[in-house]
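# Inside the fold
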Amino acid sequence: MENLKGLIAATFSPFKPGGSLDLEKVPDMVKMLVKNKVTGIFVCGSTGEGPSLSTNERKILTEAFVAESKDKLKVLVHVGHNSLREAKDLAKHAQEIGADYISATPPAYFKIDSNLTLVNCLAEIASGAPELPFYYYNIPALTGVNLDMVNFLDIAKEKLPSLVGIKYTTPLINEYQSCLNASNKEYDILFGSDEILLGALASGALGFIGSTFNFAAPLYYNVIDAFNQCNMEKARNLQLQSVEMVRIIMKFGGLRAQKAMMHLIGMDCGTVRLPLNSFTLDESTLLEKDLKKIDFFEWTCKG
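To start, this report covers the structure provided alongside it.

Analysis parameters
- Residues numbered from 1 in each chain as written.
- Predicted model: local features only at pLDDT ≥ 70, side-chain atom pairs only at ≥ 80, totals over all residues.
- Heavy atoms only, no water.
- Buried < 20%, exposed > 50% of the residue type's maximum accessible area, 1.4 Å probe, protein only.
- Helix = DSSP H or I, 4+ residues; strand = E, 2+ residues; numbered from the N terminus.
- Pairing = 2+ DSSP bridges.
- Right-handed = clockwise from strand over helix to strand, strands pointing away.
- Phe/Tyr/Trp six-rings, centres within 6.5 Å; stacked < 30°, edge-to-face > 60°.
- Lys NZ or Arg CZ within 6 Å of the ring centre and 35° of its normal.

A separate point is the pairing of strand S4 (residues 101–104). Burial along S4 is two-sided: Tyr101 and Ser103 and Ile102 and Ala104, pointing in opposite directions, are all buried. Inspection of the sheet shows strand S3 (residues 74–78) paired to S4 by 3 bridges, in the parallel sense. Looking at S4, one finds that leucine 76 is bridged to tyrosine 101. The parallel pair S3 and S4, bridged by helix H3 (residues 84–97), forms a crossover whose chirality is right-handed. As paired elements, S4 and strand S5 (residues 134–138) share 3 bridges and run parallel to each other. Note that in S5 the partner of alanine 104 across the bridge is tyrosine 136.

Next up, the structure:
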């Protein structure tokens, strides 16, 4: 399998004011990502509030994104669930509707304490879609599963034949580089910490999955271009813009702030679901003020 390259946006799940899915927003979301040269989408992950959606909602939303992205974007579907049976069913559904890849976090309520157990859980999920390439979604900050990923790849080699790589969402550049070079560079390790994308580039990264690519893809492509042209000063200055942007996002609560940013650039995806708290009008005003200070609206994605 050819490795994925470029920016893959972890998409938001669009909601109506009452909290139900707003599928009518999907075509415009995809159109904007294509226009801004994003190469793929990651559906129903953390950014998409996948754990806050019902299984049926996840299927309906995935169907909408797959249908709209056909021949335009690669589609990776997150199928992780605390119930392995539900996860396996979501994987089967992704294969049936024509998704390109699946990815999954492991069950997180009952904690996984070894890579062997992790691989066994992922193998159960992947068996629902044996024809689809599988990426393990490594995000210890949310799952609490913090294991040696090089050892994971060694064990998975024999027990998880559809595994092609890792969605690596943790800032350990040293382990990331080791994974890139594991098994004679056999695996595709997609980097998922946007604010240190430049460090991953220096380690050999070619593919990236991130939430901020929804509204800041031009910035990251400029970082990549500057790096490829060996203009390190420019690359560092551009990456600093990402760092400053992410600092603002975290100041205002992470995902809830990012959905507010989508509204500010004219691509309203609605608000967030509990247990995340909706953005207030006052917060939106302060957020816009902070974003103007870093010239965010000069280099954001254009609709």
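Our focus in this paragraph is the packing of aromatic side chains. Here the distance between the centres and the angle between the planes together describe a pair of aromatic rings. Scanning the entire structure with this criterion turns up 11 aromatic pairs. Aromatic pair tyrosine 136 and phenylalanine 152: ring centres 5.0 Å apart, planes at 45°, arrangement tilted. Residue tyrosine 136 is found in strand S5, and its partner phenylalanine 152 is found in helix H6 (residues 149–159); the two are separated by 16 residues along the sequence. Look at phenylalanine 152 and you get buried, because its relative accessible area is 0%. For the ring pair phenylalanine 296 and phenylalanine 297, a centre distance of 5.1 Å and an interplane angle of 80° mean the geometry is edge-to-face. Classification of phenylalanine 296 by relative accessible area gives buried; the value is 0%. Taken together, Phe215, Phe296, Phe297 and Trp299 form an aromatic cluster joined through their ring pairs. Over the aromatic face of phenylalanine 42 sits the side chain of lysine 167, whose NZ or CZ is 5.1 Å from the ring centroid.

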